[in-house]
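Here's the letter readout for the chains.
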Amino acid sequence: MATGDIDKGLYAAPAGITEEMMAEPALEIEIEDPESGEIRAGGLEIELEKAEPTAEDFDANLADFMSDEDIDALAGDLVGEFERDTSDRKEWIQTYVEGLKLLGLKYEDRTEPWSGACGVFHPMLTESVVRFQSEGITETFPASGPVKTQLIGRETPEKMESADRVQQDMNYQLTEVMQEYRPEHERMLWSLPLAGSAFKKVYYDPSKGRQVSMFIPAEDIVVPYGASSLEVAERVTHVMRKTKNEVVKLQAAGFYSDVNLGDPSTELDDIEKQKAEEQGLTATQDNRYRILEMHVDLDLPGFEDKDKKGEPTGIALPYVVTIEKGTGTILAIRRNWYKYDDLKTKRQHFVHYQYIPGFGFYGYGLIHLIGGYAKSATMLIRQLVDAGTLANLPGGLKSRGLRIKGDDTPIAPGEFRDVDVPSGSIRDNILPLPYKEPSQVLYALFQNIVQEGRAFASSGDMNVSDMSANAPVGTTLAILERMLKVMGAVQARMHYTMRQEFKLLKAIIADYTPDEYAYEPEEGSRLAKRSDYEAVDVIPVSNPNASTMAQKIVQYQSVLQLAQSAPGLYNLPLLHRQMIEVLGIKNADKLVPIEDDQVPTDPVQENQNILTGKPAKAFIEQNHQAHIAVHMSAMQDPKIQAIVGQNPMAQQLQAAMMAHINEHVAFEYRKQLETEMGMVLPGEEANKNVSPELANEIAVRAAAASQRLLQSNQQQAQQAQAQQAAQDPVLQMQQQELQLKMKELELKIQKQQIDAAAKADQIRLEEARIQSQQAIAKMQIDAQTRNLRAKLAQEEEIAGAKLGVDIAKDKAKSQPPRR
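Residues numbered from 1 in each chain as written. Predicted model: local features only at pLDDT ≥ 70, side-chain atom pairs only at ≥ 80, totals over all residues. Heavy atoms only, no water.

1. So, the nonpolar core
Here's step 1: One finds L125, F132, M170, Y181, L192, F502 and L505 to be the most contacted residues of the largest nonpolar core, which totals 69 residues.
Here's step 2: Once residues lying within four places of it in the same chain are set aside, the contact partners of L125 are G99, L102, L103, L194, L366, I367, I370 and A374. (Core = buried A, V, L, I, M, F, W, Y, C linked by side-chain atoms within 4.5 Å. Buried < 20%, exposed > 50% of the residue type's maximum accessible area, 1.4 Å probe, protein only. Contact = heavy atoms within 4.5 Å.)

2. Some points on helix 10 (residues 366-392)
Here's step 1: A rise of 1.5 Å per residue sets the reference length of helix 10, with its 27 residues, at 39 Å; its end C-alpha atoms lie 36 Å apart and thus fit the reference within 8%.
Here's step 2: At G372, helix 10 shows its largest kink, close to 35°. (Helix = DSSP H or I, 4+ residues; strand = E, 2+ residues; numbered from the N terminus. Expected span 1.5 Å × (residues − 1). Bend = angle between axes of the 7 residues up to and from the residue.)

3. Comments concerning the environment of A195
Here's step 1: For A195, the location among the structural elements is in helix 7 (residues 181-195).
Here's step 2: In this structure the C-alpha to C-alpha distance between A195 and L366, which are 171 residues apart in sequence, comes to 7.1 Å.

4. A few points about a nonpolar patch on the surface
Here's step 1: Taken together, L397, L431, L433 and Y435 make up a surface patch of nonpolar side chains, about 380 Å² in accessible area.
Here's step 2: Counting through the fold element by element, L433 comes out in the loop between strand 16 (430-432) and helix 12 (440-456).
Here's step 3: L433 gets classed as partly exposed once you look at its relative accessible area, which sits at 36%. (Patch = residues over 30% accessible without salt bridge, like charges linked within 9 Å, V, L, I, M, F, W, Y side chains within 5 Å. Areas by Shrake-Rupley, 256 points an atom, 1.4 Å probe, with all protein chains shown as cover. Salt bridge = Lys/Arg side-chain N within 4 Å of Asp/Glu carboxyl O.)

5. Brief notes about helix 20 (residues 624-636)
Here's step 1: Taking 1.5 Å per residue as the helical rise, helix 20 with its 13 residues ought to reach 18 Å, and the 18 Å between its terminal C-alpha atoms agrees with that figure.
Here's step 2: Those residues of helix 20 that are buried lie in contact with helix 19 (603-611), helix 21 (638-645) and helix 22 (650-677).

6. Topic: the sheet that holds strand 5 (residues 197-205)
Here's step 1: Within the open sheet, the three strands sit side by side as 6-5-12. Their pairing is antiparallel. On the outer flanks of this sheet lie strand 6 (210-217) and strand 12 (350-354), each paired with one strand and no other. With strand direction ignored, the average angle separating the axes of adjacent strands in the sheet is 25°.
Here's step 2: Across eight bridges, the pairing between strand 5 and strand 6 is antiparallel. Directly across from K201, in strand 6, lies its bridge partner M214. (Pairing = 2+ DSSP bridges. Axes fitted to C-alpha atoms, helices over the stretch in contact; angles between N-to-C directions.)

7. Side note on the pattern of salt bridges
Oppositely charged side chains can form a pair if their charged atoms are brought close together.
Here's step 1: One pass over the structure, following the stated rule, counts 19 salt bridges.
Here's step 2: Between E293 and K201 there is a salt bridge, with its nearest N and O atoms 2.5 Å apart. Linking E293 in strand 9 (residues 289-298) with K201 in strand 5, this pair joins segments that are 92 residues apart in sequence. In this pair, the class of E293 matches that of K201, namely buried.
Here's step 3: Put simply, R708 and E676 hold a salt bridge, and the shortest N to O gap is 3.4 Å. Of this pair, R708 sits in helix 23 (residues 692-727) while E676 sits in helix 22, and the two are 32 residues apart along the sequence.
Here's step 4: Relative accessible area serves as the criterion here: at 40%, R708 is assigned to the partly exposed category.
Here's step 5: Judged by relative accessible area, E676 falls into the partly exposed class, the value being 32%.
Here's step 6: In this structure, a network of salt bridges that share partners links the residues E81, D85 and R235.

In short, shape yes, function no, at least from these values alone.
Put into structure tokens, the structure is as follows:
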């Protein structure tokens, strides 16, 4: 029967029905179960035929549409590959099992070297695990919730509201709705440092009608050798344990194929046995099915990938194949990509937490890093305790004839017993074995091994007593950073993986979130719509740069010290707010209000906030001219001035008022400039993503618009002055007096210019006279110089002639007389 026939049968009057019969009460329609297809209308029962599932249905179980031969062949291949993957990590399993024995959660009763020997384990490994779990849960899961939001794109008031709703909604989901999340997360934090790897599986659980995130230990995730990550692994197998009743429920719901699996196998692997022993349990068998959920790429016969021409491409597509390990029976084969994804990209359901990444797929844990230290420390502490036991209760040799009354029991303190000595003294008949006290060298070696192991695991505590109370914050921070470097790196890796986990949870929550509100949400409600999730990104609240609260506090103390030297550069209210939040104090928003907490309000309330010392913030959508008028009136009010003037914080209040007015002035100028430019300017956050080309274009348009706005404002100012002058007679008289004074000033300037010109002429004449006198003096000096030179030349000639005569006379006198 078609739907239209059903409608007609229910609501149209069949033949033979009179008007009186039609006047009877309306027929009641009852649908007991929408999925059963049964409808009751009065005494009429209608059963609808449900459409049978087909292979073309995207969510169909393809195992129901494949031949038995193909199913058996596929099951054999996949189980064989799983066995090979398990064999490849055999040594990793052995190391893990041996490491679990070092936890010491169960006391060991030893019979070697004698019955009752010391069986204590050194708690180095357990101590490091407990410390990591405690620090990790407080850092990644605070009481308010583990999620905070980050806006995508330009910051707007609408996006900020969406981010707040998403943050509240996801934290509500993780803390209240998903009640298993925190216990599962703590289990993961216990297993991660031991094995080096831990996994979370994020999926939608139809039985719970919501998203879940379950912890999976490292031994239950099997990948092929050579796989470096979950994303590139060709095969990821999740080993699950399900009871027979759980499997039957899934078969009845159509999730698994309806096949007979028989009784579950009772096999247990080595890790399961060792974990049971550590808990004090004796596990010999497990009456649950071992289910292999394999995420693998396959080229299934009959479901091949085809090109546009309809020809098979031979490309293997991602599927999820569920196999019962004991019988090798395939229970389900489902597509593992999104329905409208043309690329058929594999969906990720797992996230991989790693403690220390290593060479292969699995990370290194404390078992691998300090397992040898823990084993050596356990051996040494047992030797020391056994040595002390032997030294305190020594044994030895005695002669066969020596008899002691009650020699089967130890001698109590203060007790004396009779001894039958065959001959000689008692000392000659007893020889104690030379047991030594616990060795100091062995004890020093034990301490050194423990210290090295704890330091390597970053579990050693900083000795605060050795540090000076007056030590600079930077020095303390450097010491903390050095000691917590390894742990900080681990926390950073956890932060990254938790972000991937929250993204998967966000996608599932968004898929099952209504597009719009069914009603207008009240303020502070935890209801978010799908568009809210699309506008924001979710990240963990943990800080990847600081692994402990002490490290965060020291960091903020360093910033506070810097802020004291230059307080104008820092947002001090926000800095103090964050410091209080790090300390874990509730209601930090009420203790230290900041501007970001403000919402648009009227100017009267803004005046009240400023006068009472509270922050006030302007918003671009406000009427800034009206706000400025109200604020200026308040500042000029004599009553307010008189009262504020007596306040010791008067200058700060006036500065706050002027700063707030400047905010309105800036917003008003921005709006006027946007009107002149004909465009909306990007906000402060959006400016960070503006390209250089767009920034240059905005600058060019803003330059032209600012000039036009300047001219317009100048004209308005001049017109206002002219109008005021025309209406004010006092101002007109003042302008006339000003004009007279201007004329008098002009006359004075002219007279000064004439006097200056006359003085300049006098100066020029005086300069000419001086120049002429200088020329005459120079001529006189030149004449005197010439006369002096001539006189000197004559005197030199006379002196030369006289010298010549004298020389001639001397020669004449020196010649001998002639004979």
